[in-house]
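Descriptive analysis of the structure
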Amino acid sequence: APLPADKPQHPYARAGTVHQWLPFTPNRDFQRQPRVVVQASGMHFTTSNGRSVLDGVSSLWCVNAGHRCAPINAAIRDQLEMLDYSTAFSMTNDRAVQAAGMIAALAPDDLNKVLFCNSGSEAADTSLKLALAYHRARGEGHRCVFIGRERGYHGVNFGGMSVGGIPGNRKAYGAAMLPRVDHMRFIHDPAHAFIQGELPQWREDPLLDLEQRILPLHDPSNVAAIIVEPVAGSAGWYVPPQGYLQRLREICDKHGILLIFDEVITGFGRLGTAFAAQYFGVTPDMLNFAKGVTNGTIPMGGVVCSDRIYDTLMQVDQPAHAIEFFHGYTYSGHPVASAAAVATLQHYVEADLFARAARMAPVLGDAMHSQLRNLPHVTGIRTLGMAGAVELQGIAGSPGKRAYEIFLRCYENGVLVRNAGDVLVFAPAFIAEETHIAQMVDTLGEAIRALA
Ligand code: PLP
């Protein structure tokens, strides 16, 4: 039965207050009119007051196969009946082994060893620590500079926050930043504000600054790793120019620097390939994943690293009982999360969902470009793979307000869109039909016009 979620006395609140403090949310405004969902199926949520909302963002880029995917849910139920949890240290479970094998099989080239954790943030910090440990094991323990990118997002833990480059995420925590971190320039050129399914070709080389200023400043011999999102997701789906990742790979190779791809968003089909690494034809030394690995059902993240990194850490001159990498989580490779991952990856392959993402990507791109390009305040649209972003001119003095209000209006009108600054992002599940995409884009267009 519909629950009165929008009323102050609704069942999740006492004295008109929801007791949950929501992440990355304007909580004061949320309390005014809480948005609570109670059910989902396929492309849709049902809210606590019985309304249907089309999930235009795969619930934060997670639910690539759509909500309540039957084989995944069945696998989770079965696993709970079989093995609920087992310690992750010095022993493992069959599902974790299976999941790691499947992830390694999907990953490119010699990315074959999987370290599990529980989120994208933990994956970021795991990959940074692994980079330090790798260099130390090779006798280059002095390599401890990390380079990220302006407006990059690698989660909220101290390492990922430090290499991340979204100013708001860093502002309150200056004192806690990792000390030796630098940032490359962002990958946005206003001359290429409208991008439809193709990488832009820049006139200038965005990596010159890395080569000519950042690396000499720290000396490349001190740099442990460079971490980037192949496509900058959280900032608002910013696409790298042609050849960018290839050149980054070459620069890293030239100086013995590890290259980390944060594929928490781009992983598991968003660009129509298993990983962005395959889409761009560039293999990193480590690849971070989370979100879509379990279709969002159970938290899981991880780092897939190269055989070279693994072998280097195993070649320690230590007795057999010595631990090679002092890192890990109680829930690394949790059996239920692993069962969810196995079923999810199996389903992605069996339903050929990455190919479907590739097929539907131009439908999303065409709809967004044809219907939204000429609307008021639209300064750019970027579509690549099964995701697209609309950039708006913000309200002077109130950054983010315009997009936030558009997000609210879309939700009221039955479509979930993600606002990031003054960018609005769609990233639907790969099962999206043309009608879903049409509804998403129509609803967003109406909101942009109405709030102009
Ligand atoms: N890295 C990237 C590229 C992300 O997009 C995200 C989340 O959106 C994260 C890391 C952090 O993941 P989590 O929220 O699971 O910690």
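All figures in this text were calculated on a predicted structure; none of them were measured in a lab.

**Quick word on the overall build of the protein chain**
From N to C terminus, the protein chain includes 15 helices and 18 strands. In terms of overall dimensions, the protein chain is globule-like: its C-alpha atoms have a radius of gyration of 22 Å, near the 22 Å expected for 452 residues. Judged by the C-alpha coordinates and their principal axes, the protein chain covers about 65 × 60 × 45 Å. Burial status across the protein chain gives 48% buried among its 452 residues.

**Structural notes on the sheet that holds strand β13 (residues 301–306)**
Spatially, the seven strands line up as an open sheet ordered β6-β13-β12-β11-β10-β7-β8, and their pairing is mixed. Of all strands in the sheet, those bounded by a partner on one side alone are β6 (111–117) and β8 (181–184). Taking the axes of each pair of neighbouring strands and ignoring which way they run, one obtains an average angle of 20 degrees across the sheet. Of the strand pairs in this sheet, strand β7 (residues 145–149) and strand β10 (residues 223–228) are connected by three bridges, and their pairing is parallel. Counterpart to V145 in the pairing with β10 is V223. Along the sheet, helix α5 (residues 120–137) contacts β6, β7, β10, β11 (258–262), β12 (286–289) and β13; its crossing angle with β13, the most-contacted strand, is approximately 30 degrees. Sheet contacts for helix α8 (residues 208–218): β7, β8 and β10; angle to β8, the most-contacted strand, approximately 175 degrees.

**A word on the sheet that holds strand β3 (residues 37–41)**
Whether parallel or antiparallel, the strands of a sheet pair through hydrogen bonds between backbone atoms. Strand order in this open sheet of four strands is β3-β4-β5-β16, and the pairing throughout is mixed. The sheet is open, and its two borders are formed by β3 and β16 (415–416), each paired with just one other strand. In this sheet, strand β4 (residues 44–47) lies alongside β3 in antiparallel orientation, the contact comprising four bridges. By the bridge assignment for β4, V37 is matched with T47.

**With respect to α5**
Over its 18 residues, α5 extends 25 Å from the first C-alpha to the last, a length consistent with the 26 Å expected when each residue adds 1.5 Å. Burial analysis of α5 places 13 of its 18 residues in the buried class, the great majority of the element. Count one or two residues on from α5 and you reach G139, which has phi positive near 85 degrees.

**Focus on the site of the ligand**
Around the ligand, the structure places 15 residues, and the nearest of them are S119, G120, S121, G155 and V264. It is α5 that contributes the most residues to the shell around the ligand, three residues altogether. Of the residues contributing to the shell around the ligand, the split by class is five nonpolar, eight polar and two charged.

**Looking at unusual backbone geometry**
Positive phi is not limited to glycine here, since S59 has a value of about 50 degrees. For S59, the position within the fold is in helix α2 (residues 58–61). Its identity as a non-glycine residue notwithstanding, K291 has a phi of 35 degrees, on the positive side. Position of K291 among the secondary structure elements: in the loop between β12 and β13. Given 27 C-beta atoms within a 10 Å radius, K291 is considered buried.

**Some remarks on the domain arrangement of the protein chain**
Per the domain assignment, the segments making up the protein chain are domain 1 (35–65 + 352–450) and domain 2 (70–350). A straight line from the C-alpha centre of domain 1 to that of domain 2 covers 26 Å. Of the residues lining the interface, 35 residues belong to domain 1; the matching set on domain 2 comes to 28 residues. Every element with two or more residues in the side of domain 1 that touches domain 2 is listed here: α2, α13 (353–372), β14 (378–383), β15 (388–392) and β18 (423–426). Per element, the largest residue contribution to the side of domain 1 that touches domain 2 is nine residues, and it comes from α13.

**So, the environment of L54**
With respect to the helices and strands, L54 occurs in strand β5 (residues 52–55). A tally of 22 C-beta atoms within 10 Å means that L54 is categorised as buried. Residues L54 and Q439 lie 385 residues apart in sequence; the distance between their C-alpha atoms is 8.4 Å. Those residues within four positions of L54 in sequence are excluded, and the remaining contacts are M43, H44, G414, V415, L416, H436, Q439 and M440.

**Considerations on the packing of α5 against helix α11 (residues 307–314)**
Between α5 and α11, the shortest axis-to-axis distance is 9 Å and the interhelical angle comes to 55 degrees. On the basis of the axis angle, α5 is oblique to α11. α11 is crossed by α5, and the crossing has left-handed handedness. Facing α5, whose interface residues are L130, A133, Y134 and A137, α11 presents I309, T312 and L313. Here the contact of α5 with α11 is built from residues that sort into six nonpolar, one polar and no charged.

**Regarding the environment of N295**
Within the secondary structure, N295 sits in the loop between β12 and β13. Since 30 C-beta atoms lie within 10 Å of it, N295 is described here as buried. Each C-alpha atom, one on N295 and one on S58, is 9.0 Å from the other, the two residues being 237 residues apart in sequence. Not counting residues up to four positions away in its chain, the partners in contact with N295 are C62, V63, N64, A65, C69, I72 and T344.

Each value, and the rule that gives it
- Residues numbered from 1 in each chain as written.
- Predicted model: local features only at pLDDT ≥ 70, side-chain atom pairs only at ≥ 80, totals over all residues.
- Helix = DSSP H or I, 4+ residues; strand = E, 2+ residues; numbered from the N terminus.
- Rg over C-alpha atoms; globule rule 2.2 N^0.38 Å.
- Buried ≥ 20, exposed ≤ 12 C-beta atoms within 10 Å, placed from the backbone.
- Pairing = 2+ DSSP bridges.
- Axes fitted to C-alpha atoms, helices over the stretch in contact; angles between N-to-C directions.
- Contact = placed C-beta atoms within 7 Å.
- Expected span 1.5 Å × (residues − 1).
- Near = placed C-beta within 6 Å.
- Nonpolar A, V, L, I, M, F, W, Y, C, P; charged D, E, K, R; others polar.
- Domains from an automatic or database assignment.
- Parallel < 35°, antiparallel > 145°, perpendicular 65-115°, else oblique.
- Left-handed = near helix turned anticlockwise from the far one by under 90°.

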